[in-house]
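# Commentary on secondary and tertiary structure
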Amino acid sequence: MGEPPPATSLNPASSTAPALQHYSRVLGRYEGQQPGPLVLCVGGIHGNEPAGIHALQQVFEILQSTQPKMRGTLVGLSGNIRALEVGTRFIDHDLNRAWKPSRMETLESLNDGCAETLEQRELLATIRTMVRGQRGPFYFLDLHTSSAEGEPFACIGDTIRNRKFAQSFPVPVILGLEEQLEGALLEHLNNAGMITMGFEAGQHRATSSVSNHAAAIWRALVGARCLRESECPQARDAAKLLETSRNGLPRWLGVRYRHAITEADGFQMRPGYRNFRPLQPHEIVADDQIAGGIRANYKSRMILPLYQGKGDDGFFLALEIHPAWLATSRWMRRLRFDRAIHLLPGVRRIRGGHGQEALHVDRRIARWFLVEIFHLLGFRKRRIHGDHFLVERRKFDLKGPPHLEL
Ligand SMILES: [Zn+2]
């Protein structure tokens, strides 16, 4: 998700997965016997990541042949078809950075000749068609792979609804990572009221990435309560597969630091930092022309180290989250502790962008522990401006909207 475009595009002929000549937008739509939730899965929003598409095709085949007892509907869509057909991450620009609210307002009339603008309009129109007439709740699973090897993991925006859904996936779940990436489809659908998750299945061309994605889709159907685990052997096998793939890694992690870079920095990761590697305080993890050695300031885990191509994110640091923290935070949010947060010194309420709750925090007055309180209450996304910073909270933390606004 966070990684940059590859230096060279992959040759589909060298793929271990079967190469497809044409991708249809709708990979499948399977309706259970009873009405219920809509689970929407998108594979290949990055065109060099077809594993999610192959996994969706597998799951639809099994659903058609076994006809399990199911509530609700599963829909599988292809993301960036034009890029998928040539096996490249994107043609003109990253389709998964194109869902910023400012761009969405003008999308219908945009005439920039970009392949991704056409893709985005088609994909959005298909999503609208699929949700029309559905009562929800609505779930969205975004299927990705990465250039680096590593254990599968999930990313969610920190809402209580997303966390509950994530419990069905026995992989490391990272809170607050996708909030660092602006313009993701997941962000757009989350803000519209869907329960959302991004899933990273492993390396782009590994066959295990297809089975990990298929496992994630089965778990999504369980998490959305479309399928009962006791009635679906595939869902039980999926839990076992993902649990084994976790390799003893922590179940919940929170992003605490993003190392932003520019091309001029000459940033270079030191070798050997795979995803989730534990770091010691003051360990030098990378070098650049400004600081020389870049240190991890505290005991943490390495997330998405940048080893190839270009990007704005050098790496992220995450801390393990204790289950007691999750429980405390859930109760604080249910009891609406946030209503009193502006009484803390240096904190004042302001109007956030796009209907989100936001706080203006005076760094000269506010104490360090405030960041912890903000995270407990679901306020993230810090933007620092000199002597103050802003935090915002996602909409629909505990409850979805009466209607989806896409
Ligand atoms: Zn991706």
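Residues numbered from 1 in each chain as written. Predicted model: local features only at pLDDT ≥ 70, side-chain atom pairs only at ≥ 80, totals over all residues.

## Observations regarding the overall build of the protein
Helix and strand counts for the protein come out as 10 helices and 18 strands. Counting only C-alpha atoms, the protein reaches 60 × 50 × 45 Å along its principal axes. Taken over 406 residues, the protein has a buried fraction of 42%. Intrachain contacts of the protein at a sequence separation of at least 6 include 72% that bridge at least 24 residues. (Helix = DSSP H or I, 4+ residues; strand = E, 2+ residues; numbered from the N terminus. Buried ≥ 20, exposed ≤ 12 C-beta atoms within 10 Å, placed from the backbone. Contact = placed C-beta atoms within 7 Å.)

## Considerations on helix α9 (residues 323–334)
Helix length check: α9, at 12 residues, gives a terminal C-alpha distance of 17 Å against a target of 16 Å (1.5 Å per residue), a fit within 8%. The element α9 is barely covered by neighbouring structure, given that only 1 of its 12 residues are classed as buried. Remark: R336 follows α9 within two positions and exhibits a positive phi of approximately 60 degrees. (Expected span 1.5 Å × (residues − 1).)

## Observations regarding the sheet that holds strand β14 (residues 313–320)
With respect to topology, 11 strands assemble into an open sheet ordered β1-β3-β2-β4-β7-β5-β6-β8-β14-β13-β10, the strand pairing being mixed. Only two strands of the sheet have a single neighbouring strand rather than two, namely β1 (26–31) and β10 (278–279). (Pairing = 2+ DSSP bridges.)

## Description of the environment of E263
Position of E263 among the secondary structure elements: in the loop between β8 (252–260) and β9 (268–269). Measuring from C-alpha to C-alpha, the distance between E263 and E187 comes to 26 Å, with 76 residues separating the pair along the chain.

## Here's the deal with the sheet that holds strand β11 (residues 283–288)
The antiparallel open sheet is built from 3 strands, whose spatial order is β9-β11-β12. Each edge of the open sheet carries a strand with a single partner, namely β9 and β12 (292–296). As judged from the 5 bridges shared by β11 and β12, these two strands associate in the antiparallel manner. Note that in β12 the partner of E283 across the bridge is A296.

## Observations regarding the domain arrangement of the protein
Entries for the protein in the domain assignment read domain 1 (12–245), domain 2 (252–320) and domain 3 (337–393). Of the residues lining the interface, 6 residues belong to domain 1; the matching set on domain 3 comes to 4 residues. Here the residues of the side of domain 1 that touches domain 3 are counted per class, giving 1 nonpolar, 3 polar and 2 charged. (Domains from an automatic or database assignment. Nonpolar A, V, L, I, M, F, W, Y, C, P; charged D, E, K, R; others polar.)

## Here's the deal with the nonpolar core
Judged by nonpolar contacts, the single largest core of 91 residues is most densely connected at V39, Y139, L141, I217 and L221. Per-element accounting of this core gives the leading share, 9 residues, to helix α7 (residues 207–223). Split by domain, the residues of this core number at least three in each of domain 1 (12–245) and domain 2 (252–320). Here V39 is in contact with G72, L74, Y139, L141, A220, L221, A224 and C226, once residues within four sequence places are set aside. Grouped together as the second largest cluster of nonpolar side chains are 7 residues, L359, F374, L377 and V391 included. (Core = buried A, V, L, I, M, F, W, Y, C linked by C-beta atoms within 7 Å.)

## What about helix α1 (residues 51–66)?
Spacing of three or four residues puts side chains on the same side of an α-helix, whose turn is 3.6 residues. In a regular helix each residue adds 1.5 Å, so 16 residues correspond to 22 Å; α1 covers 23 Å between its end C-alpha atoms and thus fits that length. Those residues of α1 that fall on the buried side of the exposure criterion are A51, G52, I53, H54, A55, L56, V59 and L63. Buried residues belonging to α1 abut β1, β2 (34–43), β3 (71–78), β4 (138–146), β7 (195–203) and α7. Immediately downstream of α1, the backbone of Q67 shows phi near 45 degrees, a positive value.

## Brief notes about the pairing of strand β16 (residues 357–362)
Pairing of strand β15 (residues 347–351) with β16, which is carried by 5 bridges, proceeds in the antiparallel orientation. From the neighbouring strand, I350 faces β16, where its bridge partner is A358. Inspection of the sheet shows β16 paired to strand β18 (residues 388–393) by 6 bridges, in the antiparallel sense. Bridge assignment links V361 to a residue of β18, and that residue is F389.

## Some details on the packing of α7 against helix α8 (residues 233–245)
Two elements in contact, α7 and α8, have axes separated by 8 Å at closest approach and are oriented at 125 degrees. On the basis of the axis angle, α7 is oblique to α8. Once α7 is placed against α8, the crossing between them reads as left-handed. Side by side, α7 and α8 meet where S211, N212, A215, W218, R219, L221 and V222 of the first sit next to Q234, A235, A238, A239, L241, L242 and S245 of the second. Taken together, the residues that form the contact of α7 with α8 break down as 9 nonpolar, 4 polar and 1 charged. (Axes fitted to C-alpha atoms, helices over the stretch in contact; angles between N-to-C directions. Parallel < 35°, antiparallel > 145°, perpendicular 65-115°, else oblique. Left-handed = near helix turned anticlockwise from the far one by under 90°.)

## Observations regarding the environment of D397
Structurally, D397 is set in the segment after β18. Judged by the 19 C-beta atoms lying within 10 Å of it, D397 falls in the partly exposed class. Between the C-alpha atoms of D397 and R333, which are 64 residues apart in sequence, the distance is 8.5 Å. Excluding residues that lie within four positions of it along the chain, D397 makes contacts with T159, I160, R333 and G378.

## Focus: unusual backbone geometry
Omega for the bond connecting G136 with P137 falls within 30 degrees of zero, at 0 degrees, which places this linkage in the cis form. Along the chain, the position of P137 falls in the loop between α4 (115–131) and β4. Positive phi, close to 60 degrees, is recorded for N247, a residue that is not glycine. Within the secondary structure layout, N247 lies in the loop between α8 and β8. You will see that L304, though not glycine, has its phi angle at about 45 degrees, which is positive. Its place among the elements puts L304 in the loop between β13 (300–303) and β14.

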